[in-house]
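Notes for the structure review
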Amino acid sequence: HNGVNLEQFYPDPASGLAKKRALGIDGERIVLYVGRVCEQKGTDLLIDAYQRIKDTYPNTRLVVAGPAMMFGRSGENELTRCVSKCGGLYLGAVEEEELASVYNMADVFVMPTREIEMFGMAAVEAQACGKPVVASRHGGLPEVISEQSGLFFQTGEAGALADQLSFLLGNEELYRSLAVAARESAERFGWSKIVDQLEDIY
């Protein structure tokens with residue numbers, strides 16, 4: 001597996017709150033996606049799901065961070081414009097040193113990939129920051145998100161994603177349980193463990 005830097009990515013409510021205040025969204029519950037903004041990654045499914053739940057949870061804001069289509073090219077595309085149109089916030093590509101604070105401002109992290117998801121590093125980083133994950137049951141995601149740290153939905157189904165988001169946002173006991181387990185899930189991929197596994201293999 002790939003490794004995650006657990007000293008960079010860890011629960012830090014203060015940095016998350018500071019980031020929310022800087023963006024003018026403090027007081028709102030944040031549904032976060034970090035990654036390329038494209039249909040392959042399921043960004044359109046997330047936008048659809050958010051539109052389905054935002055009337056029920058009016059204090060919830062969708063935040064999307066990442067390049068439009070290709071790494072190294074922030075810019076905009078039709079999906080980034082849709083994020084803004086539906087009341088969400090598009091941050092563009094985020095610098096590495098800001099990334100942990102972006103994860104820490106989230107309440108829920110979403111990984112809605114449709115196809116070709118081999119690992120899901122963003123999901124591991126979000127869990128390392130103590131964030132529950134809602135993800136498609138696709139590719140490597142069921143390996144890196146445990147059943148105790150996240151919820152899964154049928155790949156490609158915006159309605160199923162909306163249902164899982166709504167279920168999680170409305171269930172405080174479940175939310176707390178998943179948040180506690182998230183860090184433990186990410187610790188399986190800490191670099192020290194990955195290096196030891198690699199040494200054993202060789």
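For the structure itself, look to the data block above.
**Comments concerning the environment of Ala 68**
Relative to the assigned elements, Ala 68 resides in the loop between β2 (60-65) and α3 (78-85). Between the C-alpha atoms of Ala 68 and Glu 78, which are ten residues apart in sequence, the distance is 9.0 Å.

**Structural notes on the nonpolar core**
Counting 32 residues, the largest nonpolar core has Phe 9, Leu 32, Val 34, Tyr 103, Phe 109 and Ile 145 as the members making the most contacts within it. For this core, the secondary structure elements donating two or more residues are β1 (29-34), β2, α4 (96-104), β4 (108-111), α5 (121-128), β5 (133-136) and α6 (141-144). With sequence-adjacent residues up to four places away left out, Tyr 103 is seen in contact with Phe 9, Leu 32, Val 34, Phe 109, Ala 122, Glu 125, Ala 126, Cys 129 and Lys 131. Among the nonpolar cores identified, the runner-up in size contains 29 residues, and Tyr 33, Ile 53, Leu 79 and Ala 179 belong to it.

**Re unusual backbone geometry**
Apart from glycine, the bulk of residues carry a negative phi angle, and the bulk of peptide bonds sit in the trans form. Located in the positive-phi region is Ile 116, a residue other than glycine, with phi close to 55 degrees. Along the chain, the position of Ile 116 falls in the loop between β4 and α5.

**Remarks on the sheet that holds β2**
The strands making up a sheet associate through hydrogen bonds between their backbones, and the pairing can be parallel or antiparallel. Pairing within the open sheet is parallel, and its six strands lie in the order β3-β2-β1-β4-β5-β6. Strands at the two margins of the open sheet, each flanked by one partner only, are β3 (89-92) and β6 (150-153). Each strand of the sheet is rotated relative to its neighbour by a mean of 20 degrees, with strand direction disregarded. Examined bridge by bridge, β2 and β3 share three bridges and lie parallel to one another. From the neighbouring strand, Val 63 faces β3, where its bridge partner is Leu 89.

So, how was this worked out
- Residues numbered from 1 in each chain as written.
- Predicted model: local features only at pLDDT ≥ 70, side-chain atom pairs only at ≥ 80, totals over all residues.
- Heavy atoms only, no water.
- Helix = DSSP H or I, 4+ residues; strand = E, 2+ residues; numbered from the N terminus.
- Core = buried A, V, L, I, M, F, W, Y, C linked by side-chain atoms within 4.5 Å.
- Buried < 20%, exposed > 50% of the residue type's maximum accessible area, 1.4 Å probe, protein only.
- Contact = heavy atoms within 4.5 Å.
- Pairing = 2+ DSSP bridges.
- Axes fitted to C-alpha atoms, helices over the stretch in contact; angles between N-to-C directions.

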